[in-house]
Every structure is written in C-alpha cells, then in structure tokens.
Amino acid sequence: MRSLEMTILSSFHTLFIFFLFFALVNSRKLKLRTELDESLTYLWPLPSEFTSGNDTLTVDPNLSLSVSGNGGGSVIVKEAFERYKHIIFKHGSKVAGSGDYDIKQLSVTVHSDNEELQLGVDESYTLLVAKSNERSIVQGISIEANSVYGAVRALETMSQLCVFDYVTKDVQVQNAPWLINDKPRFKYRGLLLDTSRHYLPIEIIKQVIESMSYAKLNVLHWHIIDEESFPIEVPTYPNLWKGAYTKMERYTVEDAYDIVNFAKMRGINIMAEVDVPGHAESWGKGYPDLWPSPNCTEPLDVSKNFTFDVISGILSDMRKIFPFELFHLGGDEVNTDCWTSTPHVEQWLEDHNMTAKDAYQYFVLRGQEIAISQNWTPVNWEETFNTFASKLNPRTVVHNWLGPGVCPKVVAKNFRCIYSNQGVWYLDHLDVPWDEVYYADPLEDIDDPQQQELVLGGEVCMWGETADASNVQQTIWPRAAAAAERLWSGPEATSSKNTSSVVLQRLEYFRCLLTRRGVQAAPVTNFYARSPPTGPGSCYEQ
C-alpha cells in the first residue's frame, strides 16, 4: 500500500508540474502579441509587385461600383463586387453618409468581354488605392484587368486591404496609397476534393470553392468516384449510381451544373476525375459485367467492349457538364491480379498476346482516346508515365503524387506536369507542418526555362478517408493556403524579407481572416494539422 500511495503521489506531482507548465506557457502566449506588426504586408497570397504608403483612408459603406471597358457589362464582376461588399461591411458601422469618407467609388475597367474560363486565362490585374494630389479630391479605388477573372482576383486583394476599425467603426485602408501589379506564377493552382470516400453535401462543396477563391486557387479537382462509392448521375448508364453509399448521398446532373456555375463565378475551373481501370469496384454495383468476376471486382474488365462503352458514355455525359479542357482519367494503383486470375480475362490476354502490364497500358491508352475524342486533354497519375511513358499520348498531363523528382523527368520528355508530391501536399497527411507545405516548389530541380513552362502548377490533395462534412475545412485550411502562395507568388515569397517567422505571422493572419469569413480553418502551428487549440489565446497565435 505504501508503495502504491507513493506512486499515486508521484503521479499527482508530475501532473501538477505539467499543468503548471501548461498554464504558464499559455499565459505567456497571451502576452506575446497584443498588436499586429504594422511593418508586415498582410496580403495572402503576396502580390507580384506592390508599393504602399503611410496614409489611412476610410471607405464609404455605400461604396458604389463603376465598370467600364469591353467587359463592363459582366455579371461576374458585379456579383463579385456584391459578395465582397458584404464581406467588407459585415460589421455594423456608422450610418452611411454620416461621415466624409475618403473612398466612395470603385472603378473597374475590364478590357475583354470574353468570359470563357480555361487553363491559362489572364488573371493579372492592377489595383490602385489613392487620393488625387490636387486639392485632396478623392480618386478612390481603381482596378484594371484584361479579363473578368483578373478583376475577381483584384477584388479579393481589395477586400483584404479593407479592415474594420472597432474604435471609429469605419472600414479603413491603411498604408495607402497602394499600387499593386499582380499576376499568378502558375496557371494551374488546384485543390483535390474527394467525395467518394465520404459524401460531401453540395453546400459543403460550395463552401470549399468559396474559400478557395480567398487564396486565389483556380482549379477544383473533383475526385467524384472511387471504389467505395459512385455518387454521380450518368443518364446514359443510370444504374451506375447504385454504387452510391445510399440514395441520399448522390449528385444529380443538375447538382453538378450548379457546382460548375458556382465555381465559374469565382474564377475556378472544375476538373472532374473518373479513375480507371483501378479504384472502380463501385461501378459493378449497377453493372456487374464490369467486374472481371463477382469475387474479383477490380480493375474493370479489360476484355469486354462493354467496359469501354460505359466509359465512353460517362465521358460523353460529363462533357455536357464540365467545360474545362482537362479531364482526369486516374490510372494509379492498378493491381492486375484479377485479370490474371479470372479465366475469361486470362484467355483474352493470351488471345491478344498481352501480359497484364500490356493490358494496363492498353486500357489507359484506350481511355485517353475516348477523352480526346470528346475534345478533352487527358490527365493521368504518374504511374502511367513511370510504366509506359513512350506510349502516352503527347497531349497527356502527368500528375505527380508518389514523391519528389517526378516533374523533372516528365518535362524532360516534353510532357506537361502537375505537382502534388504526397510528402508535402497531401492534406490527409496530418503530420506535415505548414512550413513543409509552404517551401515545397513545383519547379524544384528544373532549371531550363522551356521545361519550367511545361509545369502547369500544383495541387494540394484532400483525400477523404478521414474527412467528411464535420472536419474537411479545418483539414484543408490553413495548409492549403501555404501552397496557394507558392503557386501564386513565386520565389519572391521566400526572399530575405519574407523569412519563416514573417511568413508564419502572415499565415496566422490569413487563417484568422478565413475564420472571420466563416471558414473553419485550424490553428497554423498545431502538430496534428486539424487539431483544435491547446488552450486560451489570440487567433493570431495558436
């Protein structure tokens, strides 16, 4: 008993020391930062070029919009203005018109009326916030962009410049005048969202898309289907969505249209993925003939024309929904054991003088032909390149994921590449800290300018095995924002003036901006990405 009592007392002593240390640390954290560092530029992602001053300008709650140029009639710009106006003026403020505000009008000039949203659309813009020097006549805010999507990106930057002052109850632009000339480093800045491992309701998908626009990401890679579930409607083969988890966890054609249009208004493309021939067990719930056998259910049966008829039907139906020029055909993690162990498939391989590896190549290439016939550019996971690079269609975009060093090999063979190294840009890898995400570079070990041009950009991947509507946003953010700045801002973001401590403060600020906008972003520095705070403290330092 004595020994047990001593053990218990020792344990209590250890716990007391731990909790005392915990309290002291958190008490210290509360005192660390009472004000933000005004010398830093709290814009995320960091613009390409900008200058600022020392003035503080107030913004009229009745801020008006004037749009000119060939794109002056754009609904996209006008709706974006209304969205951002709601964000900027969400706090109760002084009665409109009761003050002499410095900024009363936003002037937007859009040079093109072409609203087609495709890879490489011009997203550049110039943003000026200033007063005229002549008799202090207000000039206000002006935006100039070649496309409506450049104007949308400028409105995001403008919204981050506008800060509510709780004392004066005004919205202010500090450090004016601002002159920002901005454009993205990469044309492809993506986020993969997996709705097959867990179904995500339409509203959650829209929330993710909305939050992407805050970080200037521009492609949602919608991994709709996988071996676990087939949730989307395919009118040509209506039994396919029998592979959904339940009848309530499905997406209609109209739902998909809605998501695509919602994203377009925010300058975001939707790249759909139909992963073949592996990861497709769910297809056979509606059409069992797609399985090699009832006991061996994937990859899809390579020996039947019916398999490729179904793929053609899916892609034909999806082409009516998804206008983006890229379509993802998967091609990863293909275990061909079902082909070699199923008698009729094995016989087909023998008749066609093919090995299982040959059949894998045959399947991928035939899938590419179907996609190209639908005027799509095929995207495939890197296993296809690693296995039969010389056979891939020259238009193929190779999607890296297995590790580093792949894009250099891809561009050396004149293919285009998307970077998603799982060691740093897989968001379901919860132990990857923000700085490893931030300092990863799609152009690593690629020095030739022509080869650099073949790297379209990169993508962070939110695989859904352990994420659903309850936690997907705090798993995505804020680490996705770290990659977003790398993809938008380029090498300037890692210059000597933007050290790790500076980046951390700026990222913590952006995380708090996300939470103020209703995005459930996790603390930046918690070891296990989406973990909640460990104790009391400011949003700006967790």
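Scroll up to find the structure.
Residue numbers restart at each chain and count upward from 1, following the sequence in its written direction. Predicted model: local features are reported for residues with pLDDT of at least 70 only, side-chain atom pairs are reported and counted for 80 or more only, and whole-chain, interface and lining totals are derived from all residues. Neither water nor hydrogens contribute to the side-chain values; these are computed over all heavy atoms in the structure.

Participant: I'm lost on the overall build of the chain in this one. Help?
Facilitator: Starting at the N terminus, helices and strands are each numbered in turn, a helix being any DSSP run of H or I of at least four residues and a strand any DSSP run of E of at least two. Each helix and strand in the chain was counted, giving 17 helices and 16 strands. Taken over C-alpha atoms, the radius of gyration comes to 26 Å for the chain, in line with the 24 Å a tight globule of 542 residues would show. Expressed along its principal axes, the backbone C-alpha trace of the chain runs to roughly 90 × 85 × 50 Å. Among the 542 residues that make up the chain, the fraction classed as buried is 54%. Restricting to contacts in the chain with at least 6 residues of sequence separation, those with at least 24 account for 74%. For the area figures, the Shrake-Rupley method with a 1.4 Å probe applies, and any residue is considered shielded solely by the protein chains shown. For the chain, the exposed surface amounts to about 23,200 Å²; the carbon and sulfur share of it is 51%. Here the chain contributes 46 positive and 69 negative side-chain charges, whose respective centroids are spaced 6 Å apart. The globule rule is 2.2 Å times the number of residues to the power 0.38, and the radius of gyration it is compared with is taken over C-alpha atoms. Think of it in three bands: residues with accessible area under 20% of the maximum for their type are buried, residues over 50% are exposed, and the middle band is partly exposed, with areas taken using a 1.4 Å probe on protein chains only. By definition, residues are in contact when any of their heavy atoms lie within 4.5 Å. For this count, His and the chain ends are skipped, Lys and Arg are scored as positive, and Asp and Glu as negative. Where a charge lies is defined by one atom per residue type: Lys uses NZ, Arg uses CZ, Asp uses CG and Glu uses CD.

Participant: Is there a simple way to explain the state of the cysteines in this structure?
Facilitator: Between two cysteines, a covalent bond joining their sulfur atoms is known as a disulfide. Any two cysteine sulfur atoms within 2.5 Å of one another count as a disulfide. Using the criterion set out here, one finds three disulfides in the structure. Sulfur-sulfur distance for the disulfide between Cys296 and Cys338 comes to 2.0 Å. Since a negative S-S torsion denotes a left-handed disulfide, the Cys296-Cys338 link at about -100° is left-handed. Within this pair, whereas Cys296 is found in the loop between β11 (269-273) and α6 (305-319), its partner Cys338 is found in helix α7 (residues 337-341), the two being separated by 42 residues in sequence. On the basis of relative accessibility, which here comes to 16%, the residue Cys296 falls in the buried class. Among the residues examined, Cys338 registers a relative accessible area of 6% and is labelled buried.

Participant: Looking at this structure, how should I read the side chain of Thr384?
Facilitator: Take Thr384: it is sitting in helix α10 (residues 382-388). The exposure class assigned to Thr384 is buried, which follows from its relative accessible area of 0%. Two N or O atoms form a polar contact when they lie within 3.5 Å of each other; inside protein one atom must be a possible hydrogen donor and the other a possible acceptor, and for residues adjacent in sequence the pair counts only when both atoms belong to side chains. At 2.9 Å, the side chain of Thr384 and the backbone oxygen of Trp381 are in polar contact. Look past the residues within four positions of Thr384 in its chain and what remains in contact with it is Gly330, Gly331, Tyr360, Val364, Ala389 and Leu392.

Participant: I tried to follow the packing of aromatic side chains on my own but got confused; where do I start?
Facilitator: Each aromatic ring pair is summarised here by two numbers: the centre-to-centre distance and the angle between the ring planes. Two rings belonging to Phe, Tyr or Trp (six-membered ring only in the last case) form a pair when the distance between their centres is within 6.5 Å. Interplanar angles under 30 degrees mark stacking, angles over 60 mark edge-to-face geometry, and anything in between is tilted. In the structure shown here, the tally under the stated rule is 26 aromatic pairs. Between the aromatic rings of Tyr360 and Phe388, the centroid separation amounts to 5.3 Å while the plane-to-plane angle is 80°, which identifies the pairing as edge-to-face. One end of the pair, Tyr360, is in helix α9 (residues 356-373); the other, Phe388, is in helix α10, with 28 residues separating them in the sequence. Both residues of the pair, Tyr360 and Phe388, count as buried. Whether a charge lies above a ring is judged from NZ of Lys or CZ of Arg, which has to be within 6 Å of the ring centre and within 35 degrees of the ring normal. Sitting over the ring of Tyr438, Arg486 keeps its end group 4.7 Å from the ring centre.

Participant: Sorry, what's going on with the pattern of salt bridges here?
Facilitator: The term salt bridge refers to a pairing of a side-chain nitrogen on Lys or Arg with a carboxyl oxygen on Asp or Glu at a separation within 4 Å. In this structure the tally under the stated criterion is 14 salt bridges. Notably, a salt bridge pairs Asp301 with Lys304, separated by 3.7 Å at the nearest N-O pair. The class of Asp301 is buried, set by a relative accessible area of 0%. A single salt-bridge network, built from bridges that share partners, covers Asp194, Arg197, Asp226, Glu228 and Glu465.

Participant: For this particular structure, what's the right way to read unusual backbone geometry?
Facilitator: What is expected of a backbone is that most residues other than glycine have negative phi and most peptide bonds are trans. Of note, the amide linkage connecting Val276 to Pro277 takes the cis form, showing an omega dihedral of 5°. When you line up the elements, Pro277 lands in the loop between β11 and α6. In the segment running from Glu298 into Pro299, the intervening peptide bond is cis, with an omega of 10°. One can find Pro299 in the loop between β11 and α6. Residue Lys216 is not a glycine yet carries a positive backbone phi of 65°. Overall, Lys216 belongs to the buried group, its relative accessible area being 1%. Despite not being glycine, Asn353 has its phi angle at roughly 55°, a positive value.

Participant: What is the right way to look at the nonpolar core in this model?
Facilitator: Note on soluble globular proteins: their nonpolar side chains tend to be buried together. We define a nonpolar core as any set of buried Ala, Val, Leu, Ile, Met, Phe, Trp, Tyr and Cys residues linked to one another through side-chain atoms lying within 4.5 Å. By size, the foremost hydrophobic cluster in this structure holds 148 residues, and its most contacted members are Trp283, Phe322 and Trp477. Sorting elements by how many residues they give to this core places helix α3 (residues 148-161) first, with eight residues. Leave out the neighbours within four places in its chain, and Trp477 touches Ser211, Met212, Ala215, Leu217, Leu514, Val519, Ala521 and Ala522. Grouped together as the second largest cluster of nonpolar side chains are ten residues, Phe324, Val379, Val397 and Leu456 included.

Participant: Looking at this structure, how should I read α9?
Facilitator: Three or four residues apart is the spacing at which side chains of an α-helix point the same way, because the helix has 3.6 residues per turn. Taking 1.5 Å per residue as the helical rise, α9 with its 18 residues ought to reach 26 Å, and the 26 Å between its terminal C-alpha atoms agrees with that figure. If you check which residues of α9 are buried, you get Ala356, Ala359, Tyr360, Phe363, Val364, Leu365, Gly367, Gln368, Ile370 and Ala371. The secondary structure elements touched by the buried residues of α9 are α6, α7, α8 (343-351), β13 (377-381) and α10. Of the residues one or two after α9, Asn375 is the one with positive phi, at around 65°. To estimate how far a helix should reach, multiply one less than its number of residues by 1.5 Å.

Participant: What should I look at first to understand helix α4 (residues 202-214) in this one?
Facilitator: With 13 residues, α4 extends 19 Å between its outermost C-alpha atoms, agreeing within 8% with the 18 Å of an ideal straight helix rising 1.5 Å per residue. Of the residues one or two after α4, Lys216 is the one with positive phi, at around 65°.

Participant: Help me understand a negative patch on the surface, please; the structure alone is not making it clear to me.
Facilitator: A cluster of acidic side chains, namely Glu444, Asp445, Asp447 and Asp448, defines a negative patch on the protein surface. Positionally, Asp448 belongs in the loop between α13 (434-439) and α14 (449-452). Assessed through its relative accessible area of 35%, Asp448 is described here as partly exposed. Each patch is assembled from residues with relative accessible area greater than 30% and no salt bridge, linking like charges that lie within 9 Å and nonpolar side chains (Val, Leu, Ile, Met, Phe, Trp, Tyr) that lie within 5 Å.

Participant: In this structure, what is going on with the packing of helix α2 (residues 75-88) against α3? I would like to understand it.
Facilitator: Describing two packed helices takes the angle between their axes plus the distance from one axis to the other. Contact geometry for α2 and α3: axes closest at 10 Å, N-to-C directions at 10°. By the angle between their axes, α2 is roughly parallel relative to α3. Within the contact between the two elements, α2 uses Ile76, Val77, Ala80, Phe81, Tyr84 and Ile88 and α3 uses Val148, Tyr149, Ala151, Val152, Leu155, Glu156, Met158 and Ser159. Angular values range over 0 to 180 degrees, each being the angle between N-to-C directions of two axes fitted as lines to C-alpha atoms, with helices fitted over their stretch in contact. Geometric relationships in this document are graded by angle, where less than 35 degrees denotes roughly parallel, more than 145 denotes roughly antiparallel, 65 to 115 denotes roughly perpendicular, and other angles denote oblique.

In short, geometric facts, not functional conclusions.
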